[in-house]
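The chain contents come next:
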Amino acid sequence: MAAEHLFETSPQLASALAQSIAGDLRAAIAARGKASLVVSGGRTPAVMFAALAQQSLAWNKVWITLADERWVDAHHADSNEALVRRTLLQHHAAAAHFVSLKNAAANAKDGEAECEKNILAMPRPFDVVVLGMGDDGHFASLFPQAPQISRGLDHANKNLCIAVDPITAPHARMSLTLSALLNSRRIVIQLAGEGKWKVYQRALKAGVEKELPIRAVIQQTETVVQVYFSK
């Protein structure tokens, strides 16, 4: 059962979560000399990113990557990297090391090996992973109807990265796998709005993971999961 942190407004959640993540990063640096953070794109985390960027810590000892990325250039309007650079890699956090999931390969499948190499070089287990969730229950780019969903959710699949061709969303994607994301010290699922809360409540009940992929995160027991929700 995930621990739930409920907030009336998005700014309240953003402030609390930013402080919590910063605390974990500071503790990781104190204990191991470096820290790692995995974040997600979309509209929901942008306010939190701005708050986190203002947190004072040794950002030059922090490595940041994404849970998933659309296979588009970093200047593309749909690029998650563009969002992170615009909102998180600012102020104090500008000193952090960013590890891109998009590379020069012609397509996401051809880019898997380089992505794997780059993620392997990060401090792991990840100290904090921040995930979003779609209305269809997907997280990262592990979509219910994607041909790659079974491999992406397979605990026995030790690959860190997987190219995904979503049927229900635009652009080919690069995603971290479930096993890569679970190799972390804490996972946060950030949700906003009553619609997402209802999907989350469904995911708490028994069911097929491929039909509601976030179940695979919420119902596992190897990694601490916390849900941060705002109306």
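Below: a short report on this structure. All figures in this text were calculated on a predicted structure; none of them were measured in a lab. (Residues numbered from 1 in each chain as written. Predicted model: local features only at pLDDT ≥ 70, side-chain atom pairs only at ≥ 80, totals over all residues. Heavy atoms only, no water.)

**A short note on helix 7 (residues 194–203)**
- Within the span of helix 7, buried status applies to Lys196, Trp197, Val199, Tyr200 and Ala203. Seen from one end, helix 7 has its buried residues packed into an arc of 160°, which puts them on one side.
- Where the residues of helix 7 are buried, they touch strand 1 (3–7), strand 9 (187–192), helix 8 (215–218) and strand 10 (225–230). (Buried < 20%, exposed > 50% of the residue type's maximum accessible area, 1.4 Å probe, protein only. Helix = DSSP H or I, 4+ residues; strand = E, 2+ residues; numbered from the N terminus. Arc of directions from axis to C-beta. Contact = heavy atoms within 4.5 Å.)

**Details of the packing of aromatic side chains**
- Inspection of the entire model under this criterion finds 3 aromatic pairs.
- Where Phe7 meets Tyr228, the ring centres are 5.8 Å apart and the plane angle is 15°; that geometry is what we call stacked. Within this pair, whereas Phe7 is found in strand 1, its partner Tyr228 is found in strand 10, the two being separated by 221 residues in sequence. The burial state of Phe7 is the same as that of Tyr228; both residues are buried.
- Geometrically, the ring pair formed by Trp197 and Tyr200 is tilted, given 5.0 Å between the ring centres and 50° between the ring planes. Taken together, the positions of Trp197 and Tyr200, both in helix 7 and 3 residues apart, correspond to about one turn of that helix. Note on accessibility: Trp197 and Tyr200 belong to one class, buried.
- Among the aromatic residues, those joined into a cluster by ring pairs are Trp197, Tyr200 and Phe229.
- Taking NZ or CZ as reference, Lys102 lies 4.8 Å from the ring centre of Trp71, over its face. (Phe/Tyr/Trp six-rings, centres within 6.5 Å; stacked < 30°, edge-to-face > 60°. Lys NZ or Arg CZ within 6 Å of the ring centre and 35° of its normal.)

**Here we look at the nonpolar core**
- By size, the foremost hydrophobic cluster in this structure holds 82 residues, and its most contacted members are Ile64, Ile119 and Phe139.
- Top element by residues in this core is helix 1 (residues 10–32). It accounts for 9 residues.
- With near-sequence residues (within four places) excluded, Phe139 lies in contact with Leu131, Gly132, Leu153, Leu178, Leu181, Pro213, Ile214 and Val217. (Core = buried A, V, L, I, M, F, W, Y, C linked by side-chain atoms within 4.5 Å.)

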